[in-house]
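# Commentary on secondary and tertiary structure
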Amino acid sequence: MATVVPPAVRRPTHHPDEALLFDYATGRTSEAESLIVATHLTLCPECRHKVAEFEAIGGAIVDDITPVAMADNAFAAVLSEIGSDAAVNRATAIPTTATPVSRDAVPVGGSSMLPRPILTYLDNPRTLTWNSVVRGLEEVSLPIDCATVKLLRIRAGMAMPQHTHGGTEMTMVLAGGFTDETGHYQRGDVAATDAAVDHRPVADAGEDCVCLIVTDAPLRLTGPIGRLLNPFVKF
Ligand SMILES: [Zn+2]
């Protein structure tokens, strides 16, 4: 049986892959990817260190670039874009990428807190409205357009339906923990899965499991009952 370490002292053991951290450090992740990486960084000194190194490498490369003259219309082009939708979308920054969990974080279960990057997407984090998906499974959708981004709560000891994925799925544990065919995940851990993974996450006993989930395509239920439910259940 897996050892459960208190969240206050535990450091994550499952991390986003380095390619994603590099893309994050160089500003090439989507808003949804940025949110899950930024949230992980609040709990993971190891990945904060890696991102800082990638940022330093990127800065050194920029320093070495030979300056070139700007186009004559560059200033006018920037002015015309200010206030456009494109500019607004790019400005949707994920704040505090590498700061520890702050005093304004709010509890989501036990002593676990919602990290600050997530709070910026919630109107009232202290009164989250959980919507039931199936028995033992509830969700809160976050307002991000480029992917499906949710907080998911699996009641303690209960299982998600067996499922696979139409695309990629990244899951970060915020409270409690879960086990699936790929391992055991606790607060701060990130699990990345795709269509090759068919799994049935089971929440640890004793505490509800709350996760941040980013998917770029709907899940597909694969168990005998799940296949019948597919037309009716939308994750
Ligand atoms: Zn990490």
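Scroll up to find the structure this text is about.
Residues numbered from 1 in each chain as written. Predicted model: local features only at pLDDT ≥ 70, side-chain atom pairs only at ≥ 80, totals over all residues. Heavy atoms only, no water.

### As for the overall build of the protein chain
Quick note on the threshold: For helices the rule is a DSSP run of H or I covering at least 4 residues; for strands it is a run of E covering at least 2, with both sets numbered from the N terminus onward. Under the scheme applied here, a residue whose accessible area is under 20% of the maximum for its type counts as buried, over 50% as exposed, and between as partly exposed, the area being computed with a 1.4 Å probe on protein chains only. Contact definition: two residues touch when any of their heavy atoms are within 4.5 Å. All accessibility values rest on the Shrake-Rupley procedure with a 1.4 Å probe; residue burial counts only the protein chains present in the view.
When its secondary structure is counted, the protein chain shows seven helices and 13 strands. Here the protein chain, with 235 residues, has 42% of them falling under the buried criterion. Summarising the internal contacts of the protein chain: among those between residues at least 6 apart in sequence, 66% fall at separations of at least 24. By element, 57% of the accessible surface of the protein chain is carried by carbon and sulfur atoms, the whole surface being about 12,800 Å².

### Some thoughts on the coordination of the zinc ion
We apply this condition: Each metal's donors comprise the N, O and S atoms found within 2.8 Å of it (within 3.2 Å for Na, K or Ca). Water is not part of the atom list, so some coordination spheres may appear incomplete. A four-donor site is called tetrahedral if each angle lies between 85 and 135 degrees; a four-donor site is square planar, and a six-donor site octahedral, when trans pairs exceed 155 degrees and the remaining angles lie between 65 and 115; all other cases are labelled irregular.
Within the first shell, the zinc ion binds the protein through His15 (ND1), His40 (NE2), Cys44 (SG) and Cys47 (SG), at distances of 2.0 to 2.3 Å. Note that the zinc ion binds four donor atoms; their angles at the metal cover 100 to 118 degrees, and the shape is tetrahedral. Coordination of the zinc ion draws on donor residues from a single chain, spaced H-x24-H-x3-C-x2-C in sequence. Within this pair, whereas His15 is found in the segment before α1 (18-25), its partner Cys44 is found in the loop between α2 (31-43) and α3 (45-64), the two being separated by 29 residues in sequence. Residue classification places Cys44 among the buried positions, given a relative accessible area of 2%.

### A word on the pairing of strand β8 (residues 177-180)
Rule in force here: Pairing between strands is defined by DSSP: at least two bridges between the two strands are required.
Pairing of β8 with strand β9 (residues 183-186), which is carried by four bridges, proceeds in the antiparallel orientation. Counted as the bridge partner of Thr179 is His184 from β9. Between β8 and β9, which follow one another and run antiparallel, lie two residues. Here β8 runs beside strand β11 (residues 202-203); their pairing, made up of two bridges, is antiparallel. Within β11, the residue paired with Phe178 across the bridge is Ala203.

### Thoughts on the sheet that holds β11
Within a sheet, each strand pairs with its neighbour through backbone hydrogen bonds, oriented either parallel or antiparallel. Read from one edge to the other, the open sheet built from three strands follows the order β9-β8-β11, with strand pairing classed as antiparallel. At either margin of the open sheet sits one strand with a lone partner, and together these are β9 and β11.

### Overview of the packing of aromatic side chains
This is how it is decided: Note on ring pairs: Phe, Tyr and Trp rings are taken, using the six-membered ring of Trp, and paired if centres are within 6.5 Å. Classes follow the plane angle, with under 30 degrees stacked, over 60 edge-to-face and the rest tilted.
Considering all chains together, one arrives at two aromatic pairs under this definition. Judged by centre distance (5.2 Å) and plane angle (85 degrees), the rings of Phe22 and Phe54 are edge-to-face. With Phe22 in helix α1 and Phe54 in helix α3, the pair connects residues that are 32 residues apart, well separated along the chain. Taking the relative accessible area as the measure of exposure, Phe54 reaches 14% and is therefore buried. On the basis of an interplanar angle of 25 degrees and a centroid distance of 5.0 Å, the ring pair of Phe178 and Tyr185 is categorised as stacked.

### Overview of the sheet that holds strand β10 (residues 190-193)
For clarity, the threshold we go by: All axes are obtained by fitting lines to C-alpha atoms, using only the stretch in contact for helices, and the reported angles, taken between N-to-C directions, cover 0 to 180 degrees.
The strand order across the open sheet built from six strands is β3-β4-β5-β12-β7-β10, with neighbouring strands paired in antiparallel fashion. Strands at the two margins of the open sheet, each flanked by one partner only, are β3 (131-134) and β10. Strand-to-strand twist across the sheet, computed as the mean angle between neighbouring axes with direction ignored, equals 30 degrees. Two elements, β3 and strand β4 (residues 137-141), share three bridges in a ladder whose sense is antiparallel. Directly across from Val134, in β4, lies its bridge partner Leu137. Together, β5 (148-154), β7 (169-175), β10 and β12 (209-215) form the strand contacts of α2, whose direction differs from that of β7 by roughly 35 degrees.

### Overview of the pattern of salt bridges
Selection rule: The salt bridge criterion pairs a side-chain nitrogen of Lys or Arg with a carboxyl oxygen of Asp or Glu, the two atoms within 4 Å.
Counted under the stated rule, the structure contains seven salt bridges. Close ionic contact of Glu139 with Lys150 constitutes a salt bridge, the shortest N to O distance being 2.9 Å. With a gap of 11 residues between them, Glu139 in strand β4 and Lys150 in strand β5 connect regions that are remote in the sequence. Each member of the pair, Glu139 together with Lys150, is buried. The network of salt bridges with common partners includes Glu138, Arg153, Arg155 and Asp208.

### Examining the nonpolar core
Cut-off, in case you're wondering: Definition of nonpolar core: a set of buried residues of the types Ala, Val, Leu, Ile, Met, Phe, Trp, Tyr and Cys, connected through side-chain atoms within 4.5 Å.
Ranked by size, the top nonpolar core spans 35 residues in total, and within it Leu35, Ile118, Leu142, Val149, Leu151, Leu174 and Leu212 carry the most contacts. For this core, the secondary-structure elements that each account for two or more residues are α1, α2, α3, α6 (116-119), β5, β7 and β12. The dominant element in this core, judged by the number of residues it contributes, is α2, at seven residues. If we skip the residues at most four places from it in the chain, Val149 touches Ala32, Leu35, Val140, Ser141, Leu142, Ile144, Leu212, Ile213 and Val214. If you look at the next biggest cluster of nonpolar residues, it comprises 12 residues, including Ile154, Met160, Phe178 and Ala203.

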